[in-house]
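An overview of the molecular structure
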Amino acid sequence: MKSDTITPVWNYNFSQEIHCLALSLNRYKTLSIDTEFPGFLRETPRDAPKDIVYDDLKFNVDNTNIIQLGITLMDDDCNIGPTWEFNFKFDLEKETHVQSSIEFLKKSGLDFQKIKQDGILRNVFVSYFLKMVAMHHDLKWITFHGTYDMAHVLKLFTGNTLPNTTGDFAAKASLFFDKVVDLKLAAKYSEGLNLKEVSLAKLSRILNVRRLGEAHNAGSDSLLTAQVYAKMKEHIGDGLEGILYGIEQVRIGRSYNPYFMIPNLGFRPCASYTIPVHWLVAPMHPCYFMYVPM
């Protein structure tokens, strides 16, 4: 399978493609992911308190279901492998959705009639996928503004509503995800970028990365995210690992304690500061970023 192709996955070719994905994980240990979902039932104000941000996240994800999951694989040297776009069964007559979001996705090319007829059953996907990833350790998951992506995937994996608190969310997510990197957060704090509200499309233009496929399709977005990560990797310190944009008070990953939460902290280039060890959430890379009091 070529690295410059996106393979749509439906119920009728699921067995073949999930087998290809399983074989590919023997070489590629980084998964760039993107999801498409049916909108936000609650809109969160930009400067909302952290508890409101998570409450809205939980409400929105608990009451809607994922439509697409895009997965692009990379090896340790950021050589980009194959991309799959998994389409889940989604019936607009039965599923909760925001109509304006559905119209937007239709304009982006999503065929909801085909999704209804040929979509993959979510429980079938999960039964295969979790067995597959359980055979691999230290997988790295790359997202862009990935809080909703990771939340929808966590709900997909567990079949349950999200936990009630961010600490419990991080603890539950850490059971499934070894390492997580959110590129929107990385763009905000990476040396030479410092882009606070950049979109994936704008960041790709800044880094001279060309998109393959249509925007707001999970396969194309996951591939673009992988390409952006390949350009940014050398400038991302380990101090950003495990932190999702928007819920930055907790960390996800099997090596972190998700309940050790420190309020009112920010990121600064570590060369300018001396940081007491007890302030650190987890051991961090000594060259790029550390937590410091605001």
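Per an unreviewed UniProt entry, the chain carries the name poly(A)-specific ribonuclease and comes from Acer negundo. What UniProt records for the chain under Cofactor (unreviewed entry) is the sentence "a divalent metal cation". Comment text from UniProt for the chain, heading Subunit (unreviewed entry), reads "Component of the CCR4-NOT complex, at least composed of CRR4 and CAF1 proteins."

A few words on the overall build of the chain. Along its length, the chain carries ten helices and eight strands. Evaluated residue by residue, the chain yields a buried proportion of 52% over its 294 residues. Here the analysis covers contacts within the chain between residues at least 6 apart in sequence; of these, 74% occur between residues at least 24 apart. Counting only carbon and sulfur atoms, one obtains 51% of the accessible surface of the chain, whose full area is about 13900 Å².

Moving on, we come to the pattern of salt bridges. Evaluated as defined, the whole model comprises eleven salt bridges. The partner of R46 in a salt bridge is E197, with the nearest N and O atoms 3.5 Å apart. Of this pair, R46 sits in the loop between β2 (30-36) and α2 (50-62) while E197 is found in the loop between α8 (183-189) and α9 (200-206), placing the two residues 151 residues apart along the sequence. Like E197, R46 is exposed. Residues K116 and D91 are paired through a salt bridge, measuring 4.0 Å at the closest nitrogen-oxygen approach. Of the two residues, K116 sits in helix α4 (residues 112-118) while D91 sits in the loop between β4 (80-87) and α3 (99-107), which places them 25 residues apart along the sequence. According to the relative accessible area criterion, K116 is partly exposed, its value standing at 30%.

On to the nonpolar core, then. Counting 44 residues, the largest nonpolar core has F86, F125, F129 and W141 as its most contacted members. Excluding anything up to four places from it in sequence, F86 contacts V9, F14, I18, L21, I67, Q68, L69, I71, I120 and F125. Core analysis: the second largest hydrophobic core is formed by 24 residues, L185, A186, L203 and I243 among them.

On strand β5 (residues 140-143), burial covers both faces: K140 and I142 on one face and W141 and T143 on the other are all buried. Here three bridges tie β2 to β5, and the two strands are oriented parallel to one another. Residue pairing in the sheet places T30 in a bridge with K140 of β5. Summarising the sheet, β5 and strand β6 (residues 179-182) pair through four bridges and their orientation is parallel. Residue pairing for β6: I142 is matched across the bridge by V181.

Turning to the packing of helix α1 (residues 14-24) against helix α5 (residues 122-133), a few remarks are in order. The geometry of α1 relative to α5 is characterised by a closest axis approach of 10 Å and an angle of 20° between their N-to-C directions. Compared by their axis directions, α1 and α5 come out roughly parallel. Note on packing geometry: the crossing formed by α1 with α5 is right-handed. Packed against α1, whose contacting residues are F14, I18, L21 and A22, the element α5 presents V124, F125, Y128, F129 and M132 at the interface. Its residues placed into classes, the contact of α1 with α5 shows nine nonpolar, no polar and no charged.

The final tally for this structure, using the stated rule, is 17 aromatic pairs. Judged by centre distance (5.2 Å) and plane angle (90°), the rings of F88 and F125 are edge-to-face. Remark: F125 occurs in helix α5 and F88 occurs in the loop between β4 and α3; sequence separation between them is 37 residues. Each member of the pair, F88 as well as F125, carries the same accessibility label: buried. With a centroid separation of 6.4 Å and 65° between ring planes, the pair formed by F129 and W141 is classed as edge-to-face.

With mixed pairing, the six strands of this open sheet are ordered in space as β1-β4-β3-β2-β5-β6. Two strands in the sheet have a free side with no partner beyond their single neighbour: β1 (6-9) and β6. On average, each strand axis in the sheet is inclined to that of its neighbour by 25°, with strand direction left out of account.

Listed in full, the buried residues belonging to α1 are F14, E17, I18, L21 and S24. Along α1, the residues classed as buried sweep out an arc of 120° about the axis, all on the same side. In α1, the exposed positions that point more than 90 degrees away from the buried face belong to S15 and Q16. Structurally, α1 contributes buried residues whose contacts are with β1, β3 (68-74), β4 and α5.

About the cut-offs
Residues numbered from 1 in each chain as written. Predicted model: local features only at pLDDT ≥ 70, side-chain atom pairs only at ≥ 80, totals over all residues. Heavy atoms only, no water. UniProt positions renumbered as here; feature names shortened; annotations may be inferred. Helix = DSSP H or I, 4+ residues; strand = E, 2+ residues; numbered from the N terminus. Buried < 20%, exposed > 50% of the residue type's maximum accessible area, 1.4 Å probe, protein only. Contact = heavy atoms within 4.5 Å. Areas by Shrake-Rupley, 256 points an atom, 1.4 Å probe, with all protein chains shown as cover. Salt bridge = Lys/Arg side-chain N within 4 Å of Asp/Glu carboxyl O. Core = buried A, V, L, I, M, F, W, Y, C linked by side-chain atoms within 4.5 Å. Pairing = 2+ DSSP bridges. Axes fitted to C-alpha atoms, helices over the stretch in contact; angles between N-to-C directions. Parallel < 35°, antiparallel > 145°, perpendicular 65-115°, else oblique. Left-handed = near helix turned anticlockwise from the far one by under 90°. Nonpolar A, V, L, I, M, F, W, Y, C, P; charged D, E, K, R; others polar. Phe/Tyr/Trp six-rings, centres within 6.5 Å; stacked < 30°, edge-to-face > 60°. Arc of directions from axis to C-beta.

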